[in-house]
Amino acid sequence: MARKKQRGRTAAPETVAETVDGGLAELIPDRERPRGWTLVIDGAPQSHIDLDDPALLTFEYQRRLGHVIDLAAPAGRPVNALHLGGGGFTLARYTAATRPRSTQQIVEVDGPLVQFVRAHLPLDPNARIRVRSADARAGLGKLPDGWADLVIADVFSGARTPAHLTSAEFLAEVRRVLKPGGHYAANLADGPPLAHLRGQIATAATVFPELALAADPTVLRGRRFGNAVLLASDLPLPVAELTRRVAGDPHAGRVEHGRALADFTGGAAVVTDASARPSPVPPPSVFR
């Protein structure tokens, strides 16, 4: 990373920017961490990366996805992980740091963004991470049955999840790719009246028998727009430990499951390819 030298000292890194398919991508330096960066696309913060400490997760939703990665298998055991959506590769870096020898694939549709991140925030060459520039659902379709221990969906285009990644047909493909007992986790964004979030839970319930949802209580009460992490599997989930970890986060969250989650869903309609719509547009205040 280029740095200016002033009076014998190395100056702090400066913001770097480049136009990618999704808009203007910026890497903004973390003034408290010499090799820490925040990836922002068209003004929307996407992820935080610390090249010196890839196990550090600072964004609220990424911490919750990190808990899912921690609980997907016994501590330290390698996994096969598929990341739908790349961003700054934060969660793949985290998995490689906490579960060495894991085999990972990232599918990111924005090829110029992939090149931008690779150029400025290179992956550890020893990490077993493959990055493919492709549509998330198309990339998912190329994987064999039962390949993944973990599938993480964190896909946004213009701050919205594309419609074709919200349907029961999409989730059926996810389940096909998962091993028995594997975990699916999705970063969802919604605000009042939470119709999108309720629909996603109802849809996942038609494909997976076990569900849990982690979010800020104010989001669950429909008081503000925010992120929620949906976790699904065909076997019982580690709900008690997930609840403990989410409650202990710097921004404490809540986990819903079972009857409480079914009640929260409130009879929402299942989303199919024919009825799918992108997730709602975030209000401007979210990124201020």
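The structure this text deals with has already been given above.
A brief report on the enclosed structure follows. In this text the structure is predicted, and so the values were computed from the model without any measurement.

## What to know about the overall build of the chain
The helix and strand tally for the chain stands at nine helices and 14 strands. Taking 19 Å as the expected radius of gyration for a compact globule of 288 residues, we find that the chain reaches 19 Å, a close match to that expectation. In terms of overall dimensions, the chain has C-alpha extents of about 65 × 40 × 35 Å along its principal axes. A buried classification covers 51% of the 288 residues belonging to the chain. Contacts in the chain between residues at least 24 apart in sequence constitute 68% of all its contacts with a sequence separation of at least 6.

## What about the pairing of strand β5 (residues 36-41)?
Across the six residues of β5, six count as buried, placing the element largely inside the fold. Alternating residues of β5 divide into G36, T38 and V40 and W37, L39 and I41, and every residue in both groups is buried. Hairpin remark: strand β4 (residues 23-29) followed by β5, antiparallel, with six residues in the connecting loop. Relative to strand β6 (residues 44-50), β5 runs antiparallel, the two sharing six bridges. Residue pairing for β6: W37 is matched across the bridge by I49.

## With respect to the sheet that holds β5
The pairing of strands in a sheet comes from backbone hydrogen bonds and takes either a parallel or an antiparallel form. Reading across the sheet, the four strands line up as β3-β4-β5-β6 and stay open at both edges, with antiparallel pairing between neighbours. The strands lining the two open edges of the sheet, one partner per strand, are β3 (16-20) and β6. Across the sheet, the axes of successive neighbouring strands diverge by a mean angle of 20°, strand direction being ignored.

## Overview of the packing of aromatic side chains
By convention here, two paired aromatic rings are described through the distance between centres and the angle between planes. Under the criterion given, the structure shown has two aromatic pairs. Ring geometry for F59 versus Y61: centroids 6.5 Å apart, planes at 65°, classification edge-to-face. Under the relative-accessibility criterion, F59 is labelled buried at 18%. Both rings, one in Y184 and one in F208, keep their centres 6.1 Å apart while their planes meet at 5°; by these two values the pair is stacked. One end of the pair, Y184, is in strand β11 (residues 178-190); the other, F208, is in the loop between α6 (195-205) and β12 (210-215), and 24 residues separate them in sequence. The same class applies to Y184 and to F208, which are both buried.

## As for the pattern of salt bridges
Inspection of every chain in the model, using the stated rule, returns 15 salt bridges. Residue D249 is joined to R63 by a salt bridge in which the shortest nitrogen-to-oxygen separation is 3.1 Å. Here D249 is found in the loop between α8 (239-247) and β14 (254-257), whereas its partner R63 is found in helix α1 (residues 60-71), with 186 residues between them in sequence. The salt bridge partner of R245 is D70, with a shortest N-O separation of 3.0 Å. Of the two residues, R245 is situated in helix α8 and D70 in helix α1; the sequence distance between them amounts to 175 residues. Taken together, the shared-partner salt bridges in this structure form one network comprising D70, E241, R244 and R245.

The rules behind the values
Residues numbered from 1 in each chain as written. Predicted model: local features only at pLDDT ≥ 70, side-chain atom pairs only at ≥ 80, totals over all residues. Heavy atoms only, no water. Helix = DSSP H or I, 4+ residues; strand = E, 2+ residues; numbered from the N terminus. Rg over C-alpha atoms; globule rule 2.2 N^0.38 Å. Buried < 20%, exposed > 50% of the residue type's maximum accessible area, 1.4 Å probe, protein only. Contact = heavy atoms within 4.5 Å. Pairing = 2+ DSSP bridges. Axes fitted to C-alpha atoms, helices over the stretch in contact; angles between N-to-C directions. Phe/Tyr/Trp six-rings, centres within 6.5 Å; stacked < 30°, edge-to-face > 60°. Salt bridge = Lys/Arg side-chain N within 4 Å of Asp/Glu carboxyl O.

On their own, these measurements won't tell you what the molecule is for.
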